[in-house]
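Spelled out from the first residue to the last, the chains are:
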Amino acid sequence: MMELLERIKKTTYVLNEGSSSWSSPSNIAMIKYWGKYAHQIPANPSLSFTLDICKTETSIDFKPGNGQGISIDFLFEGKTNEQFELRVLKYLKSVTQFLPMLKDLHFSIKSSNTFPHSSGIASSASSMSALALNLSTIYNELAEEKLEKADFLRLSSFLARLASGSASRSVYGGFTVWGESEFFSGSSDLFAIPVENEGISPVFQDLCDDILIIEKGAKKVSSSAGHDLMHNHPFALKRFDIARERMGEIRDLMANGDMEGFGKLVEKEALMLHSMMMTSDPYFILFKPNTLSVIEKIWEFRREKGLPVFFTLDAGANVHLIYPSEIKEVVKEFVRDNMLVYCENARYLCDRIGTGPKNLNL
Ligand code: PMV
């Protein structure tokens, strides 16, 4: 990575105007990232799969700036949004150290989501990966030396990570790993890597994720505040060790097609993530009574039907129902008859494992 960054920094470029547009999906972690060190270095490795439907579309028109550094205008879902604009500007300024050409440009950015933002669904993963992919495209448009696909994606993942850790994983489709792990060769704290399908039993290559919207409103504690609370957390070091070990466990379960073992590990991860929140200082709880009701119903359904339906949670109250697509019809019925009463306005999103971001200019 360092060699790639050096090359990028040294390349000459011609300032021009142009445009770039990407759609990038969110992802859902099976092994969770919770806790980080300076410069967005994760305290433990994580593994997720990239979604298909929940995504952000971001288009950027760029032109030479006014010579006074980077400048932007920003529309989120067609409207100005000062909070997002400031966050994006701060981020763009912070990455000029890697992409010096950015400081000579003005950006008109338009971004929109296909799902509710700040709902506990990782919208920062889709939005920040879409932004990062656009930056790599702009680099390739203006730089003398263009990046090949592998370097292009690695740079995008590196840049996405600096905006939001989990965003680094959305640059690839399928399963991805971010954070150095002895169980995944080539893994790194600096960027995510895709997990090759050869190592994954086919039953995992077609997973569904029904996102039950328990609460659409903004979450009370941001994930960056949550990560910070892992410093001085009494269980932090043990948690990080367990997560590291679980990377090996999940790799083996996926290689062996052990859906039952996989699902149970994924549930343990979700509950451990939330138990870290409940035992931090200050402590907090992000799930709601309906989250627990849904979990109980899932367990009951699994017991009665013997079908592989599992849950995971992000940093929020919503429940992700994870299951193989071959039982889609029976799960649909289960959700309709038993789950919707717990969802805000009976809302849920049917998503699945996806193939990754798309360049909308191609
Ligand atoms: O990428 P962040 O800083 O929003 O953190 C995401 C943390 C979790 O979603 C809870 C877990 C994960 O690995 O995605």
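To start, this report covers the structure provided alongside it.

Rules and cut-offs
- Residues numbered from 1 in each chain as written.
- Predicted model: local features only at pLDDT ≥ 70, side-chain atom pairs only at ≥ 80, totals over all residues.
- Heavy atoms only, no water.
- Near = heavy atom within 4 Å.
- Polar contact = N/O pair within 3.5 Å; in protein donor to acceptor, adjacent residues only side chain to side chain.
- Areas by Shrake-Rupley, 256 points an atom, 1.4 Å probe, with all protein chains shown as cover.
- Nonpolar A, V, L, I, M, F, W, Y, C, P; charged D, E, K, R; others polar.
- Phe/Tyr/Trp six-rings, centres within 6.5 Å; stacked < 30°, edge-to-face > 60°.
- Helix = DSSP H or I, 4+ residues; strand = E, 2+ residues; numbered from the N terminus.
- Axes fitted to C-alpha atoms, helices over the stretch in contact; angles between N-to-C directions.
- Parallel < 35°, antiparallel > 145°, perpendicular 65-115°, else oblique.
- Left-handed = near helix turned anticlockwise from the far one by under 90°.
- Contact = heavy atoms within 4.5 Å.
- Core = buried A, V, L, I, M, F, W, Y, C linked by side-chain atoms within 4.5 Å.
- Buried < 20%, exposed > 50% of the residue type's maximum accessible area, 1.4 Å probe, protein only.
- Salt bridge = Lys/Arg side-chain N within 4 Å of Asp/Glu carboxyl O.

Section: the site of the ligand
Then, number 1: Residues in close proximity to the ligand total 14 residues, the closest being Tyr33, Ser166, Arg169, Ser223 and Asp314.
Then, number 2: Here Tyr33 contributes a backbone N or O atom positioned 2.9 Å from an oxygen atom of the ligand.
Then, number 3: At a separation of 2.8 Å, an oxygen atom of the ligand approaches a polar side-chain atom of Ser223.
Then, number 4: Summarising the interface, the protein chains cover 93% of the accessible area of the ligand, which totals 380 Å² for the free molecule.
Then, number 5: By residue class, the composition of the shell around the ligand is 5 nonpolar, 6 polar and 3 charged.

Description of the packing of aromatic side chains
Then, number 1: In this structure the tally under the stated criterion is 8 aromatic pairs.
Then, number 2: A centroid spacing of 4.6 Å and a plane angle of 55 degrees characterise the contact between Phe204 and Phe262, whose relative ring orientation is tilted. Highlighted residues: Phe204 in the loop between strand S9 (192-194) and strand S10 (207-212) and Phe262 in helix H7 (residues 259-278), separated in sequence by 58 residues.

Here we look at the packing of helix H3 (residues 123-142) against helix H4 (residues 149-163)
Then, number 1: Two elements in contact, H3 and H4, have axes whose closest approach is 8 Å; the angle formed by their N-to-C orientations is 135 degrees. Between H3 and H4, the interaxial angle falls into the category oblique. Handedness of the H3/H4 crossing: right-handed. Contacts from Met128, Ser129, Ala132, Leu133, Leu135, Ser136, Thr137 and Asn140 of H3 reach H4 at Phe152, Leu153, Leu155, Ser156, Leu159, Ala160 and Ala163.
Then, number 2: Its residues placed into classes, the contact of H3 with H4 shows 10 nonpolar, 5 polar and no charged.

Describing the nonpolar core
Nonpolar side chains in soluble globular proteins tend to end up buried together.
Then, number 1: Residues Met30, Leu47, Phe107, Phe175 and Phe262 are the most contacted members of the largest nonpolar core, which totals 76 residues.
Then, number 2: Ranked by the residues each element gives to this core, the list is headed by H3, at 8 residues.
Then, number 3: Ile298, Leu307, Val319 and Ile327 belong to the second-largest nonpolar core, a separate cluster that totals 24 residues.

A few points about the pattern of salt bridges
Then, number 1: Under the counting rule described, the total for this entry stands at 13 salt bridges.
Then, number 2: Among the salt bridges present, the one from Lys264 reaches Glu260, with a minimum N-O distance of 3.1 Å. You can see Lys264 and its partner Glu260 sitting in helix H7, 4 residues apart, about one turn around the helix.
Then, number 3: A relative accessible area of 43% places Lys264 in the partly exposed class.
Then, number 4: Judged by its relative accessible area of 44%, Glu260 falls in the partly exposed class.
Then, number 5: Among the charged side chains, a network of salt bridges with common partners joins Glu3, Arg7, Glu145 and Asp151.

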